[in-house]
Amino acid sequence: MADAAVAALSPETVLAEMKKNGVTHVVWLPDSETNWLYLLMKAEPSLRLVGVSREGHACSIAAGLSAGGARPLILIQNTGMMESGDSLRGWLLSLNIPVVLMVGYRGWTRHGVTQDTAATYTERFLMAFGINYYLVESDADAPRIAVAFEEAERTKRPVVVLVGDEYHGFNR
Amino acid sequence: MMHTAEMLKAFAPFREDAIVVPGRGGRFWTDLTTRPNLDAPLGDPAMGGHAGFALGLALAQPRKRVILFDSEGDILMSLGMLVTIAEQQPPNFYHFLMDNGVYATTGGQPVPNADNVAYEVIARGAGYPRAFAFQELEKFSAALPEILGKPGPVFIAVKVVPEIENEPIGRRRRWQTRSRDRVIQDLRSELGVRR
């Protein structure tokens, strides 16, 4: 377990990536992975947090933010992403909205054996929608977040960052 | 009760340089607008999302008033959005609701509990500081200067006549003159957004 602690994705790293990539608004719904990150985001004056009560709402809000010139980030869990299917289609894909979704990968295991169907269907869901994604498990993977932002802008499409690790929010 | 076109016609003189998200009133607003590049007539990208889209615009463009013409079918699909809007408290956000009591584009089937829902009460309960309800065009028209003269967010529920479409979708008159992508591009350009 010591190795796991070393290989963690820290919330400070995620916040730094948000700032580096010019995020103005975080449209989000909390999950079990983002408690400490929430406290950091709340204390960051360059970010405005827009809390939603259902993940699909994040898609239309992000579309409006993007149309108005802001740079939103959507921060949700894979369960909510799957719930958001029609909003992803209608408000992000069909409007060509360049936005990154950081999606908590509930149930993710590196060996592929999981009891959690949230993990079973996550990547299949993204493939079905033709949405590209990058897996981030630790701080060493963090540069992939910038890759996702660049790709979203270049392709005018949503791009997903799957967060295959907890932000260790409850360990603080 | 009033027709949607009458309601929009009453609003039009007060528009100034506001961004207008006409929602399902788009087919009527197209004939009234004088600033089409500040409109976002997106039709129906995905039901329930107009309020979120307008909220996003209002947050991104705090110096512009954003006028949304929402529908009760959309709102019922996303009631939680009202709480998000109320929490954000965008002072430039004006949320009109066109309540015809039915799903007009699918043949006029009633929305759940159509005759007994007080949307302005729901909005107030969600945290909107101001909320109104109108059934008559004259009262609605008379109240508009005060409604629009004060900061938002404000919610205005308006009872409108169902204007039901029974033609198959493929045979309906296409009122959109621009693609959705074009609408977004034109709006960004008008707002000076470089993307």
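Residues numbered from 1 in each chain as written. Chains lettered and ligands numbered in written order. Predicted model: local features only at pLDDT ≥ 70, side-chain atom pairs only at ≥ 80, totals over all residues.

A. The overall build of chain B, seen in detail. Secondary structure summary: chain B contains eight helices and seven strands in total. A globule of 195 residues ought to have a C-alpha radius of gyration of about 16 Å, and chain B, at 16 Å, matches this closely. Projected onto its principal axes, the C-alpha coordinates of chain B cover approximately 45 × 40 × 30 Å. Looking at the 195 residues of chain B, the share that counts as buried comes to 41%. Taking all contacts inside chain B whose residues are at least 6 apart in sequence as the whole, residues at least 24 apart take part in 75%. (Helix = DSSP H or I, 4+ residues; strand = E, 2+ residues; numbered from the N terminus. Rg over C-alpha atoms; globule rule 2.2 N^0.38 Å. Buried ≥ 20, exposed ≤ 12 C-beta atoms within 10 Å, placed from the backbone. Contact = placed C-beta atoms within 7 Å.)

B. Molecular detail of the sheet that holds strand 6 (residues 158–163) of chain A. All names here are of chain A. Strand order in this open sheet of six strands is 2-1-3-4-6-5, and the pairing throughout is parallel. Looking at the sheet topology across the chains shown, the edges are occupied by strand 2 (48–51) and strand 5 (133–136). Mean inter-strand twist for the sheet, computed between neighbouring axes without regard to direction, equals 20 degrees. Alignment of strand 1 (residues 25–28) against strand 2, held across four bridges, turns out to be parallel. (Pairing = 2+ DSSP bridges. Axes fitted to C-alpha atoms, helices over the stretch in contact; angles between N-to-C directions.)

C. Structural view of the interface of chain A and chain B. Between chain A and chain B, the residue contacts involve 27 residues of the former and 26 residues of the latter. For the side of chain A that touches chain B, the secondary-structure elements that each account for two or more residues are strand 2, helix 4 (55–67) and helix 6 (85–93) of chain A. Of the residues forming the side of chain A that touches chain B, the biggest block, nine residues, is contributed by helix 4 of chain A. Across the side of chain A that touches chain B, the residue classes break down as eleven nonpolar, twelve polar and four charged. (Nonpolar A, V, L, I, M, F, W, Y, C, P; charged D, E, K, R; others polar.)

D. Region of the structure containing the sheet that holds strand 6 (residues 130–134) of chain B. Residues and elements named next belong to chain B. In space, the five strands of this open sheet follow the order 1-2-3-7-6, with parallel pairing throughout. The open sheet has two edge strands, strand 1 (19–21) and strand 6, and neither has a second partner. Mean inter-strand twist for the sheet, computed between neighbouring axes without regard to direction, equals 15 degrees. In this structure, strand 1 lies alongside strand 2 (residues 66–71), joined through three bridges in parallel fashion.

E. Seen up close, the pairing of strand 1 of chain A. Residue and element names in this part refer to chain A. The alternating pattern of strand 1 places His 25 and Val 27 on one face and Val 26 and Trp 28 on the opposite face, and all of these are buried. Summarising the sheet, strand 1 and strand 3 (residues 72–77) pair through four bridges and their orientation is parallel. Its bridge partner being in strand 3, Val 26 is matched across the sheet by Leu 73.

F. Geometry of helix 1 (residues 4–11) of chain B. All names here are of chain B. For helix 1, the complete set of buried residues consists of Thr 4, Met 7, Leu 8 and Phe 11. Buried residues along helix 1 cover an arc of 95 degrees about the axis, so they all sit on one side. The inward-facing, buried residues of helix 1 contact helix 2 (26–29), strand 3 (93–99), helix 7 (137–149) and strand 7 (154–159). (Arc of directions from axis to C-beta.)

G. Seen up close, the packing of helix 3 (residues 50–60) of chain B against helix 5 (residues 80–88) of chain B. All names here are of chain B. Packing of helix 3 against helix 5 leaves a shortest axis separation of 10 Å and a crossing angle of 15 degrees. One finds that helix 3 runs roughly parallel with respect to helix 5. Crossing of helix 3 over helix 5 shows left-handed handedness. Judged by residue contacts, Ala 51, Gly 52, Leu 55 and Leu 59 of helix 3 engage Met 81, Thr 84, Ile 85 and Gln 88 from helix 5. Each residue belonging to the contact of helix 3 with helix 5 can be placed in one class, and the counts come to five nonpolar, three polar and no charged. (Parallel < 35°, antiparallel > 145°, perpendicular 65-115°, else oblique. Left-handed = near helix turned anticlockwise from the far one by under 90°.)

Such coordinate-based values are descriptive only and should not be taken to indicate function.
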